[in-house]
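# Notes for the structure review
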Amino acid sequence: MDRGSFDALATAFPGCVKVMALSSLTTWRIGGEAAVIEARSAGMLADILGRARELGVEVFLLGRGSNLLVSDDGYDGLVVRLAGDFGMVSWTRGGDGWLVSAGAAVTLPGLAGAACMKGAAGLEFAVGIPGSLGGAVFMNAGAYGGSMADRVVSVEVLDGNGFRTMDRAACGFGYRASFFQDSDALVLSVLLSLDSGDRDRLMESASATLRKRRESFPLDLPNAGSVFRRVEGAPPPGKLIEDAGLKGRRVGGAMISKLHANFIVNAGGASSSDVFGLIHDAGRVVYDASGVSLREEIRYLGSFEEPQRGR
Ligand SMILES: Cc1cc2nc3c(=O)[nH]c(=O)nc-3n(C[C@H](O)[C@H](O)[C@H](O)COP(=O)(O)OP(=O)(O)OC[C@H]3O[C@@H](n4cnc5c(N)ncnc54)[C@H](O)[C@@H]3O)c2cc1C
């Protein structure tokens, strides 16, 4: 963004706009600089979006950065993070279960853990998914047969037309897909429906899930979870990548995990172009070996150059 726009934003929101390395805000620990602002309330968020629109500055809403590859060149627009009011959670007993209203900045493991402690069932699948609630709805995050779509009742959003409530049907959920991925609507808060459950059993199930994930995923190195999406009718991406002999393959500091081939880890000093190159390599080699075209589950922010073929 140009200096004038940055100064105008800094004047409109005194002390709130910072230039930061996005590597500190992503689980891959990768990414160059951008101007970052925290929106602490829905009103402030609307003001930020309005001011950015007037200035012609693009806005990107960042959750916990756990599904995101950010360019080493950073991002030229304004990165908005949700904080303050967006971290609120309220629990209501409803019928046989619970209604939970939670802000988009609430962490998914925190919410899932709190649900188990309360004896509210249905989010155990999410205890190890390190995203925000907003990011989880955007991605329709899921694991072990469960996904956010199963529990969402409605979503409060802000888009170009203002604030509104969308019911689950309007959210267009599919496998790691939602209406939000093709829209400018930002998720502000979410109403979830959970069942009544036995607290001890839920805690045990959540612990078992976490144990299983620790054994299956390379959680000791920075990563962004599964890189590629499942392709219907084909073996899982991790199996295809492993069968193509790519486990342990490196580009610079990025490596296809030896533990789970659908994870790319930052084995030390990886750049976004290292990861991007490895994603391309894996896609090409898997296609040549199996005829399956893999598509990324991860999202990109900033600009990336297509690697040369054969790299
Ligand atoms: C170790 C590890 C394990 C993982 N395991 C799983 C798993 O089992 N299952 C799974 O599904 N995923 C998994 N993931 C991926 C990731 O955690 C999820 O996709 C998560 O939902 C992303 O949330 P986030 O807040 O980090 O989003 P970000 O990475 O910050 O953003 C992702 C996208 O969501 C958008 N977004 C974020 N917040 C909002 C909002 N409030 N409104 C509108 N758009 C928004 C962003 O603009 C961006 O396009 C894993 C990741 C890691 C690192």
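Everything in this summary refers to the structure shown in the same document. (Residues numbered from 1 in each chain as written. Predicted model: local features only at pLDDT ≥ 70, side-chain atom pairs only at ≥ 80, totals over all residues. Heavy atoms only, no water.)

## A look at the sheet that holds strand 5 (residues 78–82)
Note the cut-off: Any two strands with at least two DSSP bridges between them are considered paired. Think of it this way: any DSSP run of H or I at least four residues long counts as a helix, any run of E at least two long counts as a strand, and we number them from the N terminus. Geometry is summarised by axes, namely lines fitted to C-alpha atoms with helices restricted to the contacting stretch, and by angles between N-to-C directions that run from 0 to 180 degrees. Residue contacts are counted whenever heavy atoms from the two residues lie within 4.5 Å of one another.
Taken in spatial order, the 4 strands make up an open sheet running 1-2-5-3, and their pairing is mixed. Strands at the two margins of the open sheet, each flanked by one partner only, are strand 1 (17–21) and strand 3 (59–62). Averaged over all adjacent pairs, the angle separating strand axes in this sheet is 40 degrees, with direction ignored. Alignment of strand 1 against strand 2 (residues 33–39), held across 5 bridges, turns out to be antiparallel. Directly across from V19, in strand 2, lies its bridge partner A35. Sheet strands touched by helix 2 (residues 42–55): strand 2, strand 3 and strand 5. Its angle to strand 2, the strand with the most contacts, is close to 140 degrees.

## Structural notes on the environment of R214
Note the threshold: The buried label goes to any residue with under 20% of its type's maximum accessible area, the exposed label to any with over 50%, and the partly exposed label to all in between, with areas taken from a 1.4 Å probe on protein chains only.
Mapped onto the elements, R214 comes out in helix 5 (residues 199–216). Take R214: its relative accessible area is 54%, and that puts it in the exposed class. In the structure, R214 is positioned 89 residues away from S303 in sequence and 33 Å away in space, judged by C-alpha atoms.

## Focus on the pattern of salt bridges
We apply this condition: Salt bridges are counted wherever a side-chain nitrogen of Lys or Arg sits within 4 Å of a carboxyl oxygen of Asp or Glu.
Scanning the entire structure with this criterion turns up 12 salt bridges. Where D200 meets R199, a salt bridge forms, and the shortest distance between an N and an O atom there is 3.7 Å. Where R249 meets D281, a salt bridge forms, and the shortest distance between an N and an O atom there is 3.6 Å. Taken together, the residues span a long stretch of sequence, with R249 in the loop between helix 6 (237–243) and strand 14 (250–251) and D281 in helix 7 (residues 272–290) at a distance of 32 residues. You can call D281 buried: its relative accessible area is 6%. Each of R249, D281 and R284 takes part in a single network of salt bridges with overlapping partners.

## Here's the deal with the site of the ligand
To keep it simple, the criterion reads: If a single non-hydrogen atom of a residue is within 4 Å of a molecule or strand, that residue counts as near it. As used in this structure description, the phrase polar contact means that two N or O atoms lie within 3.5 Å; if the pair is within protein, one of them must be able to donate a hydrogen and the other to accept it, and residues adjacent in sequence are counted only when both atoms belong to side chains. In this classification, the charged set is Asp, Glu, Lys and Arg, the nonpolar set is Ala, Val, Leu, Ile, Met, Phe, Trp, Tyr, Cys and Pro, and all remaining amino acids, among them Gly, are polar.
Close to the ligand lie 33 residues, the nearest being L61, S66, S132, G142 and R213. Interatomic distance of 2.6 Å between a backbone N/O atom of L61 and an oxygen atom of the ligand. Interatomic distance of 2.6 Å between a side-chain N/O atom of S132 and an oxygen atom of the ligand. Tallying contributions element by element places helix 4 (residues 133–139) first for the shell around the ligand, with 5 residues. Class assignment for the residues of the shell around the ligand results in 17 nonpolar, 12 polar and 4 charged.

## Structural notes on the packing of aromatic side chains
We count it as follows: Pairing of aromatic rings covers Phe, Tyr and the six-membered ring of Trp, with a centre-to-centre limit of 6.5 Å; geometry is then stacked below 30 degrees between planes, edge-to-face above 60, and tilted otherwise. Over a ring means this: the NZ of a Lys or the CZ of an Arg is within 6 Å of the ring centre and within 35 degrees of the ring normal.
Tallying each qualifying case throughout the model produces 7 aromatic pairs. Taking 5.0 Å as the distance between ring centres and 40 degrees as the angle between the ring planes, the aromatic pair formed by F276 and F304 counts as tilted. With F276 in helix 7 and F304 in the segment after strand 17 (299–301), this pair connects stretches of sequence that are 28 residues apart. By relative accessible area, which is 7% here, F276 ends up buried. On the basis of relative accessibility, which here comes to 22%, the residue F304 falls in the partly exposed class. Among the aromatic residues, ring-to-ring pairing joins F276, Y300 and F304 into one connected group. One cation-aromatic arrangement involves R230 over Y175; the distance from NZ or CZ to the ring centre is 4.4 Å.

## A closer look at the sheet that holds strand 14
One open sheet holds the 3 strands; their spatial order is 14-15-16, and the pairing between them is antiparallel. Edge strands, defined here as strands with exactly one partner in the open sheet, are strand 14 and strand 16 (264–266). Sheet topology places strand 14 next to strand 15 (residues 254–256); 2 bridges connect them, and they run antiparallel. Following the sheet pairing, R250 is matched in strand 15 by M255. Relative to strand 15, helix 7 is tilted by about 30 degrees, and along the sheet it contacts strand 14, strand 15 and strand 16.

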